[in-house]
Amino acid sequence: DIRQKIRERRVGNFLLFVVDASGSMGARGRMVATKGAILSLLLDAYQKRDKVGMITFHKEEAKLALPPTSSIDMAAKLLQELPVGGKTPLSAAVMKTAQIVKAHLVREPTARPIVVFITDGKSNVPMDPETSPMTETLLLCEKLKTEERAEFIVVDTEMDGLIQFGRARKMAETLGATYFKTNELKMESLLDVVKGVTQ
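Before we move on, can you summarise helix α5 (residues 167-175) with the specific residues and values?
The set of residues buried in α5 consists of Ala-168, Met-171, Ala-172, Thr-174 and Leu-175. Buried positions in α5, seen along its axis, are confined to an arc of 160° and lie on one side of it. The elements touched by buried residues of α5 are α3 (90-107), β4 (114-119), α4 (133-145), β5 (151-156) and β6 (178-181). Phi turns positive one or two residues past the end of α5, at Gly-176, with a value near 70°.

This is the structure:
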């Protein structure tokens, strides 16, 4: 018998979750579905020895809740305890994402970060009071897109209904991101999307 080792292609060595923790995420169990999907990705990242990080945003700020780490337990604990409420400072989240991705690529130039935005896209806290929140968010997304070593996924948590604003979809289009809706948000489907990004 002839045997040959075949190396499985890695999904990526850094998964950065950017999680909307504003008040709207508490509606109709959206955060419950979100947490389940993220936990499945954390397990996959653990099996591949990938690093994970997490930015959360709500009220007036976006913060790096979990710096890049190989400790999946820390990420899972943080996710379970994540509070929800307040406004949606999406512009600040996109800017913070750019900073973290850039810093990671300076340390590891061959890395290929995968950024997973989970939000309804309803930006309502501008950093510049003279600018529309959504306009500011999209301008920052255009700048973020120029980092060609990173891949982007947008999970749109806006609920289906008679009136839909489609802001997260517009954000995905601007980023050139893989996009899907929260009603498609199953553990397996998000995992498949992340794997598909790097194939």
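Still more to cover.
Which residues make up the pairing of β4, and what values go with them?
Among the 6 residues that make up β4, 6 are buried, leaving the element largely enclosed by the rest of the structure. Across the two faces of β4 the burial is the same, with Ile-114, Val-116 and Ile-118 and Val-115, Phe-117 and Thr-119 all buried. As defined by bridge partners, strand β1 (residues 14-20) adjoins β4 across 5 bridges and the pair is classed as parallel. Across the sheet, the residue bridging to Val-18 is Phe-117, located in β4. Where β4 lies against β5, 6 bridges are found, and the strand directions are parallel. Each residue of the ladder has a partner; that of Val-115, found in β5, is Phe-152.

Rules used in this analysis
Residues numbered from 1 in each chain as written. Predicted model: local features only at pLDDT ≥ 70, side-chain atom pairs only at ≥ 80, totals over all residues. Heavy atoms only, no water. Buried < 20%, exposed > 50% of the residue type's maximum accessible area, 1.4 Å probe, protein only. Helix = DSSP H or I, 4+ residues; strand = E, 2+ residues; numbered from the N terminus. Arc of directions from axis to C-beta. Contact = heavy atoms within 4.5 Å. Pairing = 2+ DSSP bridges.

Shape descriptors only; they carry no functional weight alone.
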